[in-house]
Amino acid sequence: AATRELFALGHRRVAFIDDGSAIAPSNPVLAAWSETPFTIERVQLSVVNGLDQLLRQLMRRPDRPSVIAASEPHAEAALAICRSSGIDVPGDMSIVAVTNAEDEARARQVGISSMLIDSHVFGDHAGALMLDWLTGKKPKNRNQVEIGRWHPRATTGPAKKASKR
C-alpha cells in the first residue's frame, strides 16, 4: 500500500536513513522497496556528521530524494530539523517512519506517516510453516507474508515538481 500510494503521489527517489543496526525495523522495508520502481539510496548516519547536515545536503542536490524513510526516532528528528530549517514537510520533502509496535504509538502521536512492521504476523506465519513441516506437509516453494502496514499521516504528500533553472 505504501509503495502504491507514494508512487501515485509522484515520488520516485527514496533515501533510507538508518544507524546500521542489523536488526533495524527498516531492513525488511528496504529489502522490499528495492524491488519497486523507486530509486533507493541507503544512507548510513555514521558516514555523515549528523542528520541535520545530511538533510541539508540532500535538499541541495538536483536529484534529491522526495521521501526520507527512517526509524521512528530518526524520522521524528528529521521532521524537527526540517521544521527548524524552513523545509516544508510534506511540501518539499515527505517523511516516513519505519516502526515496530513500540514506536508506532509515538509516530501516531507526532503525526508521522509510518510503515508498521508487525513481527507478530511474521512469527505467526513462521510458526504455521514449522507446524506444517513437522506434520509432513510440504511448504510452497516461496513463502511470503505481508508484515507491513501503511499508516499515511501529515508527513506525506505529493512530490514537489522539479524547478526549471
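Structure: above.
A brief report on the enclosed structure follows. Here the structure is a predicted model, which means the values were calculated and not measured.

1. Section: the overall build of the chain
Then comes step 1: Along the backbone of the chain there are 6 helices and 6 strands.
Then comes step 2: Relative to its full complement of 165 residues, the chain shows a buried share of 41%.
Then comes step 3: The long-range fraction of contacts in the chain, counting pairs at least 24 apart against all pairs at least 6 apart in sequence, stands at 73%.
Then comes step 4: Accessible surface, the chain as shown: approximately 9600 Å² in total, 53% of it carbon and sulfur.

2. Some words on the packing of aromatic side chains
The relation between two aromatic rings is expressed through the spacing of the ring centres and the mutual angle of the planes.
Then comes step 1: One pass over the full model with this rule turns up 1 aromatic pair.
Then comes step 2: Between Phe-7 and Phe-38, the aromatic rings sit 6.1 Å apart at their centres with planes inclined by 65°, giving edge-to-face as the arrangement. With Phe-7 in helix α1 (residues 2–8) and Phe-38 in the loop between α2 (26–33) and β2 (39–44), the pair connects residues that are 31 residues apart, well separated along the chain.
Then comes step 3: Under the relative-accessibility criterion, Phe-7 is labelled partly exposed at 31%.
Then comes step 4: If you follow Arg-12 out to its NZ or CZ, it ends over the ring of Phe-7, 3.6 Å from the centre.

3. Description of the pairing of strand β4 (residues 94–99)
Then comes step 1: Taking burial as the measure, the 6 residues of β4 include 6 buried ones, the bulk of the element.
Then comes step 2: Of the two faces of β4, both are covered, the one formed by Ser-94, Val-96 and Val-98 as well as the one formed by Ile-95, Ala-97 and Thr-99.
Then comes step 3: Here strand β3 (residues 67–71) pairs with β4 via 5 bridges, running parallel. Note that in β4 the partner of Ala-70 across the bridge is Ala-97.
Then comes step 4: Between the parallel pair β3 and β4, the chain is carried across by helix α4 (residues 72–85), and the sense of this crossover is right-handed.
Then comes step 5: Pairing of β4 with strand β5 (residues 113–117), which is carried by 4 bridges, proceeds in the parallel orientation. Bridging from a neighbouring strand, Thr-99 pairs with Leu-116 of β5.
Then comes step 6: Between the parallel pair β4 and β5, the chain is carried across by helix α5 (residues 101–110), and the sense of this crossover is right-handed.

4. A few points about the nonpolar core
In globular proteins that are soluble, nonpolar side chains generally tend to be buried together.
Then comes step 1: Counting 23 residues, the largest nonpolar core has Ile-17, Leu-51, Leu-54, Leu-55, Ile-68, Ile-95 and Ile-112 as its most contacted members.
Then comes step 2: Every element with two or more residues in this core is listed here: β1 (13–18), α3 (51–60), β3, α4 and β4.

5. Here's the deal with the packing of α3 against α4
Then comes step 1: α4 packs onto α3 with a crossing angle of 65° between their chain directions and a minimal axis gap of 10 Å. Considering the relative orientation of α3 and α4, their crossing is right-handed. Listed contacts from α4 to Leu-51, Asp-52, Leu-55 and Arg-56 of α3 are His-74, Ala-77, Ala-78, Ile-81, Cys-82 and Ser-85.
Then comes step 2: The class makeup of the residues in the contact of α3 with α4 is 6 nonpolar, 2 polar and 2 charged.

6. Some points on α5
Then comes step 1: Capping the start of α5 is the job of one residue whose side-chain oxygen sits 3.0 Å from the backbone nitrogen of Glu-102: Asn-100.
Then comes step 2: One or two steps after α5, the chain reaches Gly-111, where phi turns positive at roughly 90°.

Scoring rules and cut-offs
- Residues numbered from 1 in each chain as written.
- Predicted model: local features only at pLDDT ≥ 70, side-chain atom pairs only at ≥ 80, totals over all residues.
- Heavy atoms only, no water.
- Helix = DSSP H or I, 4+ residues; strand = E, 2+ residues; numbered from the N terminus.
- Buried < 20%, exposed > 50% of the residue type's maximum accessible area, 1.4 Å probe, protein only.
- Contact = heavy atoms within 4.5 Å.
- Areas by Shrake-Rupley, 256 points an atom, 1.4 Å probe, with all protein chains shown as cover.
- Phe/Tyr/Trp six-rings, centres within 6.5 Å; stacked < 30°, edge-to-face > 60°.
- Lys NZ or Arg CZ within 6 Å of the ring centre and 35° of its normal.
- Pairing = 2+ DSSP bridges.
- Right-handed = clockwise from strand over helix to strand, strands pointing away.
- Core = buried A, V, L, I, M, F, W, Y, C linked by side-chain atoms within 4.5 Å.
- Axes fitted to C-alpha atoms, helices over the stretch in contact; angles between N-to-C directions.
- Left-handed = near helix turned anticlockwise from the far one by under 90°.
- Nonpolar A, V, L, I, M, F, W, Y, C, P; charged D, E, K, R; others polar.
- Polar contact = N/O pair within 3.5 Å; in protein donor to acceptor, adjacent residues only side chain to side chain.

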